[in-house]
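Below, each chain spelled out in residue letters.
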Amino acid sequence: MSAQIPFAVPHANAHIGDALVRDGLLSQARLDEALALQARWGTRLGDILLAKGWVRAYDFYRTLSVQFELPFVDLLKSPPDESLFVMAELDQYAQSLYLPWKQENGKLLIAVADPSETMLAQLEDRYGKSVRFVITSKFDIIWSVQRVANARLTDKSVLELARLRPDQSARQVFTGRQIIVIGVLATLILTCLVLWPVVTLIALNGFLSVFFLLSFGLRTVLTWVGSHRSIDLKVSDAEVAALEDHDLPVYTILVPMYKEPDTLPILSSALRRMDYPLSKLDVKLVLEEDDIETIQAAKDLGLEGIFEIIRVPHSQPRTKPKACNYALNFARGELLTIYDAEDKPEPDQLKKAVIAFRKAPDNVACIQARLNYFNSTENWLTRMFTLEYSLWFDFYLPALEALKIPIPLGGTSNHFKMDVLREANAWDPFNVTEDADLGVRLTQRGYRVGVANSTTFEEANSHVGNWIRQRSRWFKGYMQTYLVHMRKPVELYRSLGHTGFWGFQFFVGGNILTALSLPFMLVMFAYWLATRWSGFDIIFPPVVLYISLFNLIIGNGFFVYLNMLGAFKRHNFHLMPYALTVPAYWLLMTVAAYKGLWQLIHNPFFWEKTTHGLSQFKHDDIDLHRQPQA
Amino acid sequence: MAYPNSNTMTSIYIASRKPRLRLLSLAVFLALGCLYIGLNIWLGGNGFISDFDLHRWSKAVTSIDADEFRIEHIGLLYPHGPIYLLAMVRSVPGIDSALAGAALSAILIALMFGLWNRHLWHKGYPLWSRLAMVALLALHPYSLWAASSGLHNALLLLMFYVFCYGCYLIISIHDLRAVVLVSSMFAVLFFADERTMLLFLALMPLIPILAPSRMLGNSLVGIYSILGFPLMVAAGGWLFLNWVFHGNAWGFLQSPEASFRGALSHPESSPWLSAMGGQWLAPLGWALMFSALAFPLPLWLAWRYRRYPARMAAALSLFIHPVLAVGLGTLIFFLPDLSGFLFLLVPATMTAILLMPRSRKINLMLAMLVMGNLGGWLALSWQPSHETHAWQGALSGNVQPARDDQIEMGRWLGENAQPTLIDDRSLYRAISARGHARNLILPFSHQFKNEMKRPQPLTQQIVVANPARPAAALDRVTQQFPELFWNGAPGYDLVYDTGEWRVWRKQPQTEP
């Protein structure tokens, strides 16, 4: 049977299948199928069997131990000697799946889940020839590392960035210098308002008008660049088809969840459907340790070996980035992506990301897939949300990429090179839009973010309250991101360059300022429309008036048009008329922006949880092939 | 059947010959620029200056020389695009002649042909055939007319070529950016030319033919929305501005002076409207006939390449588009003569050549263009408006008699640049000839408004019209002081008299 295997594998693997069949743990037919898959995927037989769930992990590792003539240990019953742990090597334990278990008769016993020749040789080099091995399951190793090193891993997840690069951490909301600058500016404006009220109001009005004009200019450029057809030709279907499975790297998928037991079966089936060798998937279900019901639901599902439950110990701040940082300690992939529990990525997305990385320059550290919604037709809010996302991901982000402006990453479906992600100290656990922050941070470090032509369909928020909670978090995170990166504006300017710096000001800063200033503008305009009060004339000298009128008519008209264009590009034609109602959506944004601002001051690290599963659209009913494509 | 030119061939060309192409396009641009500037100088020498250019130049001059720039000074009765362009030109030190508009027109048309030369190159046409086609179309009477009959025509021609090229991209490569380009073009065009709305209306029935079937199959309404929304925003914005500044959203369509009305306010002065105004089918038939006469090439290309139905339909649609606009424009008494829309067949022909596979029968194509040039003269001469007739006369070397004495008076006012009460609505030709608006007291100024409240004027110098002449109806100074033309005012001397206009000047103060 082994003669049929074209790829070099550890010698024991040729027999492990036979042993499992002999022991009645695996049928011959499945072994044959697994061997065929091995030929295609180029991974070890054991990984395939576990990934497919054809053999229980316990049975597999026991058989493996017999095959290698090594003892099998259950680390839950015989836990490792904690004193043998070298804390600086925790990452290696978690990622290479071994740990020092015990010291017996002067000899160190190492528990390994991967008894390959290479692995054993590496460990002998590290610990000496006298070292002895025992076999255990990878789940036991992960559990043991977590149990022994919880405090240290938690500390690392929370504080690593703040310690190594305090200037890039949002742990401190406002720096002393920023407080002084804000204080001085506020005092100056108030003083001027008292001494020269008209001139000051004209200056403020003029500043806002010019800012909006430039912001409009940037979006015009982004639309122009984003509408070019080459933007959509990043990875073709032919390239995906030409990809050889055995060339694919191991892919880690982080799925942070909280109190979402109902979405687990949907998620697992979505991931199983991915067009990627299952044995090369390293899926981490990142669950809070107090989320008993989701943990139990995951256990009850009896998921295959590719799914690992990472229990994140309780600590503050209780944020998604902290949970992801924690799970990152156990990630074994060469590439990594994040999906939310309710996500439905297009099946070939991982392959497209691999190809996009291969085609991209070396300094591309992240590929962002496009996000869109499967429940766009549910109600007005989901329609508006879909319009917004179509514009954001189908026009703006590819254009930002092309113009080398930092891309505020979307919350999910961003694909990273693992080594770069670790080098950048991963996500900032204090930033509630850690993804947007990471996008800017990567650009500052000389890396680039690309956008792939693959879509992940999510559930659009269909309830206003829930939407405002989610959006207020986004606004707060944008404010955090802006404050963090504007601590040293000159340094930011140097690292991002001219286009990147101003793009950041108008894209990130512009979103915040626009939402916060909208109510003032709107009230003023409505009052003027109702009364034609000439009192406003004084703060609208001709130039300011003309710029304001331009912004009002052309700027706003253009933004409505952009939303139509987004729907047009994604063939969501039924949504186009709804673009006319986008000003009402802007009002909601303003509410969320003020809520975010309030929280930034009073509760900066609070994670406003978005409740998923509110949609009336059933996930199982969603056919990705029938979703609109860009 | 494969197209004769392939992308591979083109890319090879691109790699090796792009700098040469740039140089050649620049040479085409410069040569045609010189040709058209020469044409304008010739016409100017024979007494023809576009009335449009004079009017908009006076607006540019008054807006630049006013104490502060205000949209209200310019008014909202005509699109602002050409005025802003001229104002920019006027800001350049040393440029103070209304001929700047003509020079700008020459540059714009030359630019269009320079672009077309590039696009022909991309299509794979060899040098000599490119140059021949560019030369023949550049010398087409409608091209010459557009380059010298007013900035609005040149601007519209260039922008219409961009629109046609956008359509070409939509049809040939289904490019979303081209959709954005085409739709935005109409919005921009609305601020540049009053004919835009008619052009869009004429386009509406053709959109299903022009749009690729893939787009059509998805949503026809979607295509109309995407193409029409920017124009709707522009038009809605214009209504809003009229309401904000003048309290009447529809003022730009109601005022007799509004260019948005076209010839509606004085249809009797147009032979074409006198004969065809208010009709639909007859003008359409005439327009079609003269289009075929002046531009036979697109029709021949459509017939020759009928095996490419989508491209054939698109070329015919672009050909029909200005013809439909003629029909609409005549129906509502907007269009003073055929040339107002038929000159847009120049870019339609250029695009038809791009749309179709590269023809091997270049000589036949050139012959068609020559025939079109001859037919063009015939079309241009058919019931021309007063302005077009004057243009033809000046082109043929007949010195045009001055239509009024405003220009002479303007020069005199320039030499006697004292504070002068004057209405720019009726005296824009004089202001253009004067060269600047300093020391002029114009209707938008507070001083003018104060003068209009007095029984007797106080300004140093006053220009009034003969109340018996039509010009007086537009002149607010004459309306306020109807006796001034004949009787003068106490303390004022008559210092200039054309018969139609008189200038009164305050007597010098004598020491008691």
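Details of the structure are given in the entry above.
All residue numbers refer to positions counted from 1 along the written sequence of the respective chain. Chain labels run from A onward and ligand labels from 1 onward, assigned in the order the entries are written. Local features in this predicted model are restricted to residues whose pLDDT is 70 or higher, and side-chain atom pairs enter the listing and the counts only when it is 80 or higher, whereas totals over whole chains, interfaces and linings include all residues. By convention in this description, side-chain values take in all heavy atoms of the structure and omit both hydrogens and water.

A few words on the nonpolar core. Of all hydrophobic cores here, the largest spans 351 residues; its most connected members are Trp427(A), Phe113(B) and Trp116(B). If one sorts the elements of this core by residue count, helix α8 (residues 151-173) of chain B sits on top with 17 residues. It only takes one pair of heavy atoms within 4.5 Å for two residues to be counted as in contact. For Trp427(A), the residues in contact, after removing those within four places along its chain, are Leu254(A), Pro321(A), Cys324(A), Asn325(A), Leu328(A), Leu336(A), Ile338(A), Phe416(A), Leu421(A), Glu434(A), Leu438(A) and Arg441(A). The nonpolar core is taken to be a set of buried Ala, Val, Leu, Ile, Met, Phe, Trp, Tyr and Cys residues, with the residues joined through side-chain atoms within 4.5 Å. Burial here depends on accessible area, computed with a 1.4 Å probe over protein chains only, as a share of the maximum for the residue type. Under 20% is buried, over 50% is exposed, and the range in between is partly exposed. In terms of nonpolar packing, the next biggest core, distinct from the first, is built from 13 residues, Leu421(B), Ile441(B), Ala489(B) and Trp504(B) among them. Secondary structure elements are taken from DSSP: a helix is a run of H or I of four residues or more, a strand is a run of E of two residues or more, and numbering for both begins at the N terminus.

Now for the packing of aromatic side chains. Note on aromatic pairs: the rings of Phe, Tyr and Trp (six-membered ring only in Trp) are paired at centre separations within 6.5 Å, and the planes decide the class, stacked below 30 degrees, edge-to-face beyond 60, tilted for the rest. By the definition in use, this model includes 61 aromatic pairs over all chains. Relative to Phe573(A), the ring of Phe568(A) lies with its centre 5.5 Å away and its plane at 75°, an arrangement referred to as edge-to-face. Both residues of the pair, Phe568(A) and Phe573(A), count as buried. Between Trp286(B) and Trp382(B), the ring centres sit 4.7 Å apart and the planes meet at 20°, which makes this aromatic pair stacked. Taken together, the positions of Trp286(B) in helix α16 (residues 281-294) and Trp382(B) in the loop between α21 (362-381) and α22 (386-395) put the pair 96 residues apart, joining distant regions of the chain. Taking the relative accessible area as the measure of exposure, Trp382(B) reaches 28% and is therefore partly exposed. Three or more aromatic residues link up through ring pairs in this structure, and these residues are Tyr373(A), Trp380(A), Phe385(A), Tyr389(A), Phe393(A), Trp467(A), Trp474(A) and Tyr585(A). A ring is scored as having a charge over it whenever the NZ atom of a lysine or the CZ atom of an arginine sits within 6 Å of its centre and within 35 degrees of its normal. For Arg502(B), the ring lying beneath its charged end belongs to Phe485(B), and the centroid distance is 4.4 Å.

Further remarks concern unusual backbone geometry. The bulk of non-glycine residues show a negative phi, and the bulk of peptide bonds are trans. For the peptide bond that leads from Gln316(A) to Pro317(A), omega is -5°, which places it in the cis range. Secondary-structure assignment places Pro317(A) in the loop between β6 (307-312) and α13 (320-328). Residue Phe333(B) is not a glycine yet carries a positive backbone phi of 60°. Its location among the elements puts Phe333(B) in the loop between α18 (309-331) and α19 (339-342). You can call Phe333(B) partly exposed: its relative accessible area is 27%.

Turning to helix α20 (residues 345-355) of chain B, a few remarks are in order. Burial analysis of α20(B) places 11 of its 11 residues in the buried class, the great majority of the element. Of all the residues in α20(B), the buried ones are Leu345(B), Val346(B), Pro347(B), Ala348(B), Thr349(B), Met350(B), Thr351(B), Ala352(B), Ile353(B), Leu354(B) and Leu355(B).

Attention now goes to the sheet that holds strand β4 (residues 492-497) of chain B. In any sheet, the strands associate via hydrogen bonds between backbone groups, in a parallel or an antiparallel arrangement. All names here are of chain B. Between any two strands, pairing holds if DSSP finds at least two bridges. The strand order β2-β1-β3-β5-β4 describes an open sheet built from 5 strands, whose pairing is mixed. Every other strand in the sheet has two partners, leaving β2 (440-441) and β4 as the edge strands with one partner each. In terms of strand pairing, strand β1 (residues 420-421) meets strand β3 (residues 461-465) through 2 bridges, oriented parallel. Paired with Thr420 across the bridge in β3 is Gln461.

Everything listed is a geometric property; what it means functionally is a separate question.
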